Amino acid sequence: MFEHNSYKGVIFAGGGSRCFWQAGFWQATAPALNLTPDAVAAVSAGASTACHLLSGEIQAAMDYYQAAHARRAQHDPPGRNPFWPDPTGLAVYRGALESVLEGEPFRRLKQGPDLRIFMSRPPDWAKSGLGVCLGYLGYGLDKGMGDPVHHRFARRLGFQPVVGHASQCATVKELTDLVVASSCLPPMVPWCRWNGGRVVDGGIFDNAPLDLLGPREMPALVLLTRRYAAHELRGRPGVTYAQPSKDLAISKWEKANPDLVRESYEQGLRDGELFARRGPEALY
């Protein structure tokens, strides 16, 4: 086993259905390395995964998603446009949180590490479909020309960071609203509001929001959901990046293939075991 840091902070990056890999990775790594962070920051589908993991109900969530994907596989046409509004997909996303977390899991979640859920607020001139498209454009430019891990273009366009705390949510519904707001990508997910203002997916601003952790919450472990060049993951003191050891078979938009859900989770288990034995370089 490699000599690892005692991580005080953990980041769950966004990535849609690729976040099932994070679930498997954490299940393998957390007990092996005794991961007990003080703070967790999460964005988009990574926030949903963090909620299920920190509540101790990840297996129930995996069962829920696999069943939902199997049902959709019976009627979803192949090649569905992922950018088309999909009320059924949103209902599944909400249902996975509302049904699994109700009761004791919600209490466990609130008693655990401080879970910070990240959103972004578009500038006044961008509170329309066109504005969100510009945010998408900035996201794409970051991946191709800027900082592919921690995005910068959206903030230059005037997008602002917004943070919600799971501990401050009074009900599971309120927490679900917060996670959905962190995942809001109009028109696929209708516009969301938080604290009186419109918000969109926090990944537009930064898909791995390391800035949500303070100096006392370092060193940090960042759980990514796609692969990056090794040199892009080195050289940041106190930060360890974990990424899939190979490209995931599942796409971020996949909603109707239960086999890929399980395969992504199981790859996360294998990669987590590898990380615990040999460290992050084994995944690069």
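Preceding block: the structure.
Presented here is an overview of the structure given in this document.

Criteria and cut-off values
Residues numbered from 1 in each chain as written. Predicted model: local features only at pLDDT ≥ 70, side-chain atom pairs only at ≥ 80, totals over all residues. Heavy atoms only, no water. Salt bridge = Lys/Arg side-chain N within 4 Å of Asp/Glu carboxyl O. Helix = DSSP H or I, 4+ residues; strand = E, 2+ residues; numbered from the N terminus. Buried < 20%, exposed > 50% of the residue type's maximum accessible area, 1.4 Å probe, protein only. Phe/Tyr/Trp six-rings, centres within 6.5 Å; stacked < 30°, edge-to-face > 60°. Pairing = 2+ DSSP bridges. Core = buried A, V, L, I, M, F, W, Y, C linked by side-chain atoms within 4.5 Å. Contact = heavy atoms within 4.5 Å.

**Some remarks on the pattern of salt bridges**
Okay, so step 1: Taken as a whole and assessed by the stated rule, the structure comprises nine salt bridges.
Okay, so step 2: Arg108 is paired through a salt bridge with Glu57; the nearest N and O atoms lie 2.7 Å apart. On the criterion of sequence distance, the pair formed by Arg108 in helix α5 (residues 104-111) and Glu57 in the loop between α2 (45-54) and α3 (58-73) is long-range, its members being 51 residues apart.
Okay, so step 3: Arg116 is the salt-bridge partner of Glu217, the closest N and O atoms lying 2.6 Å from each other. Placement of the pair is Glu217 in the loop between β6 (197-201) and β7 (220-223) and Arg116 in strand β3 (residues 114-121), with a sequence separation of 101 residues. Comparing Glu217 with Arg116 shows no difference in burial state: the two are buried.
Okay, so step 4: When salt bridges that share partners are traced, they join Arg94, Glu98, Lys173 and Asp177 into one network.

**A closer look at the packing of aromatic side chains**
Okay, so step 1: All chains considered together, the criterion is met by six aromatic pairs.
Okay, so step 2: Aromatic pair Phe20 and Tyr65: ring centres 5.2 Å apart, planes at 70°, arrangement edge-to-face. One end of the pair, Phe20, is in helix α1 (residues 20-33); the other, Tyr65, is in helix α3, and 45 residues separate them in sequence.
Okay, so step 3: Relative accessible area serves as the criterion here: at 9%, Phe20 is assigned to the buried category.
Okay, so step 4: Considering the side-chain rings of Phe118 and Phe205, the 5.9 Å spacing of their centres and the 70° angle between planes classify their relative orientation as edge-to-face. One end of the pair, Phe118, is in strand β3; the other, Phe205, is in the loop between β6 and β7, with 87 residues separating them in the sequence.
Okay, so step 5: Under the relative-accessibility criterion, Phe118 is labelled buried at 2%.

**Structural notes on the pairing of β6**
Okay, so step 1: Judged by how many residues are buried, β6 sits mostly within the fold: four of five residues are covered.
Okay, so step 2: The pairing of β3 with β6 spans two bridges and is antiparallel. In the strand pairing of β6, Ser120 is matched with Val200.
Okay, so step 3: In sequence, strand β5 (residues 192-194) turns back onto β6 through a hairpin of two residues, with Asn195 there showing a positive phi of about 55°.

**Some words on the nonpolar core**
Okay, so step 1: Of all hydrophobic cores here, the largest spans 88 residues; its most connected members are Phe12, Cys51, Leu115, Leu175, Leu224 and Tyr241.
Okay, so step 2: Of the residues forming this core, the biggest block, seven residues, is contributed by α1.
Okay, so step 3: For Leu175, the residues in contact, after removing those within four places along its chain, are Cys51, Leu101, Phe106, Leu109, Ile117, Ala166 and Cys169.

**A look at helix α8 (residues 172-182)**
Okay, so step 1: In terms of burial, α8 is a largely internal element, eight of the eleven residues being buried.
Okay, so step 2: For α8, the set of buried residues is Val172, Leu175, Thr176, Leu178, Val179, Val180, Ala181 and Ser182.

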